[in-house]
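Residue-level structure breakdown
Listed here are the chains, written in short residue letters.
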Amino acid sequence: MEQTLVIVLIVAAVAIATMYLMRKRKPGPAAAATPPATPAPSAPPVTAEGLLDQAAAGPAITVLDVSEPTEIDDTDAILKLRAIELNGTATNKQEAIPEAGRLLVSAGAVDESYIESMFERERSVSTYMGNFLAIPHGTNEAMRAIQSSAVSVVRYPNGIEWNGNPVKFVIGIAAGNGQHLELLGRIAEAFLDEAKVAQLEQASSADQVWRILAKING
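Note that this is a predicted model, so its numbers are computed, not measured. (Residues numbered from 1 in each chain as written. Predicted model: local features only at pLDDT ≥ 70, side-chain atom pairs only at ≥ 80, totals over all residues. Heavy atoms only, no water.)

1. Observations concerning the side chain of Asp 74
With respect to the element layout, Asp 74 can be found in the loop between helix H3 (48-57) and strand E1 (79-85). For Asp 74, the side chain forms a polar contact with the main-chain nitrogen of Leu 81, separated by 2.9 Å. The residues contacting Asp 74, other than those within four sequence positions of it, are Leu 79, Lys 80, Leu 81 and Trp 210. (Helix = DSSP H or I, 4+ residues; strand = E, 2+ residues; numbered from the N terminus. Polar contact = N/O pair within 3.5 Å; in protein donor to acceptor, adjacent residues only side chain to side chain. Contact = heavy atoms within 4.5 Å.)

2. Considering the sheet that holds E1
Hydrogen bonds between backbone groups are what pair the strands of a sheet, and the pairing can be parallel or antiparallel. Sheet architecture is open: 5 strands sit in the order E1-E4-E5-E3-E2, paired in mixed fashion. With partners counted over all chains shown, the strands left at the sheet margins are E1 and strand E2 (128-130), one partner each. Two strands pair when backbone bridges link them, and E1 and strand E4 (residues 150-162) are joined in this way by 3 bridges, in the parallel orientation. Paired with Leu 79 across the strands is Val 151, a residue of E4. Sheet contacts for helix H6 (residues 180-192): strand E3 (133-134), E4 and strand E5 (165-174); angle to E5, the most-contacted strand, approximately 145°. Packed onto the sheet, helix H7 (residues 194-202) meets E4 and E5 and runs at close to 90° relative to E5. (Pairing = 2+ DSSP bridges. Axes fitted to C-alpha atoms, helices over the stretch in contact; angles between N-to-C directions.)

3. With respect to the pattern of salt bridges
Here the structure, examined in full by the defined rule, presents 4 salt bridges. Its salt-bridge partner being Lys 93, residue Glu 122 comes within 3.9 Å of it at the nearest N-O pair. Pair noted here: Glu 122 is in helix H5 (residues 114-124) and Lys 93 is in helix H4 (residues 93-106), with a separation of 29 residues, a long-range link. Residue Glu 122 shares its accessibility class with Lys 93, and that shared class is buried. Across the pair Glu 182 and Arg 186 runs a salt bridge, and its minimum N-O distance is 2.2 Å. Of this pair, Glu 182 and Arg 186 are both found in helix H6, 4 residues apart, which corresponds to roughly one turn of the helix. By relative accessible area, Glu 182 is classed as partly exposed at 41%. (Salt bridge = Lys/Arg side-chain N within 4 Å of Asp/Glu carboxyl O. Buried < 20%, exposed > 50% of the residue type's maximum accessible area, 1.4 Å probe, protein only.)

4. Some words on the environment of Leu 104
Mapped onto the elements of the fold, Leu 104 is located in helix H4. Distance in space between the C-alpha atoms of Leu 104 and Ser 148 is 9.8 Å, their sequence separation being 44 residues. Setting aside chain neighbours within four positions, we find Leu 104 in contact with Ala 109, Val 110, Tyr 114, Ala 150, Val 151, Ser 152, Gly 172, Ile 173 and Ala 174.

5. Regarding a negative patch on the surface
On the surface, a cluster of negative charge is contributed by Glu 71, Asp 73, Asp 76 and Asp 207. Here Asp 73 is to be found in the loop between H3 and E1. (Patch = residues over 30% accessible without salt bridge, like charges linked within 9 Å, V, L, I, M, F, W, Y side chains within 5 Å. Areas by Shrake-Rupley, 256 points an atom, 1.4 Å probe, with all protein chains shown as cover. Lys, Arg positive; Asp, Glu negative; His and termini not counted. Charge placed at Lys NZ, Arg CZ, Asp CG, Glu CD.)

6. Describing the nonpolar core
Considering soluble globular proteins, one finds that nonpolar side chains tend to be buried as a cluster. Ranked by internal contacts, the top residues of the largest apolar core, which has 27 residues, are Val 151, Ile 171, Ile 187, Phe 191 and Leu 213. Counting only elements with at least two residues in this core, the list comes to E1, E4, E5, H6, H7 and helix H8 (206-212). In contact with Phe 191, other than residues within four places in its own chain, are Asn 131, Leu 133, Phe 169, Ile 171, Val 197, Leu 200 and Leu 213. Among the nonpolar cores identified, the runner-up in size contains 26 residues, and Ala 100, Leu 103, Val 154 and Ile 160 belong to it. (Core = buried A, V, L, I, M, F, W, Y, C linked by side-chain atoms within 4.5 Å.)

7. Quick word on the pairing of E5
Most of E5 is tucked away, with 7 of its 10 residues classed as buried. In this sheet, E5 lies alongside E3 in parallel orientation, the contact comprising 2 bridges. Following the sheet pairing, Ala 134 is matched in E5 by Val 170. Bridge analysis of E4 against E5 gives 9 bridges, and the strand direction is antiparallel. Within the sheet, the bridge partner assigned to Val 153 lies in E5 and is Ile 171. Two successive antiparallel strands, E4 and E5, enclose a turn made up of 2 residues, where Asn 163 displays a positive phi of approximately 55°.

Structural data, given as structure tokens:
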């Protein structure tokens, strides 16, 4: 009798446990009413156009400029790269004139005799122009020594004395074919711009000086 009672109690306990578990698994009315989740739409493929649009819309994406500066072609230029010196060695006008003249010679623009004519011009009238600039050039009689129009640029970072005036830039001029006044005008225009003068003072390469004075080439 006791064994039968124990068996009945065990069967009842199993039945109650089974019913409890079935009720836990059965979804309630709220759960049954919930629609199935809609899968999230897949992200569109990333394209170059899309990245550019995002960059224009806000700062989330930074587009870097990796383009290389164009190479300078000074083949036909009045100002040659090899006629630019950033650290002149002269300490006064007498040394600065031939330093600028030799650059004109090395550029193939003038004969060596042109340098002496630059001294002759300086003896007749000072070529100091103001704003840290002097422009030594030859006399009219020296035109035969000019092979082609050219200018040279010598920078003196610490400055030199030129007839009692401070000079940081000496620009040698050899103007053929009636270009003298035209070249003077282009140079004057550049040195009237104080921002350009400041850029020339800070330039670290002949390329930078060439680009700042590019209008000299016409």
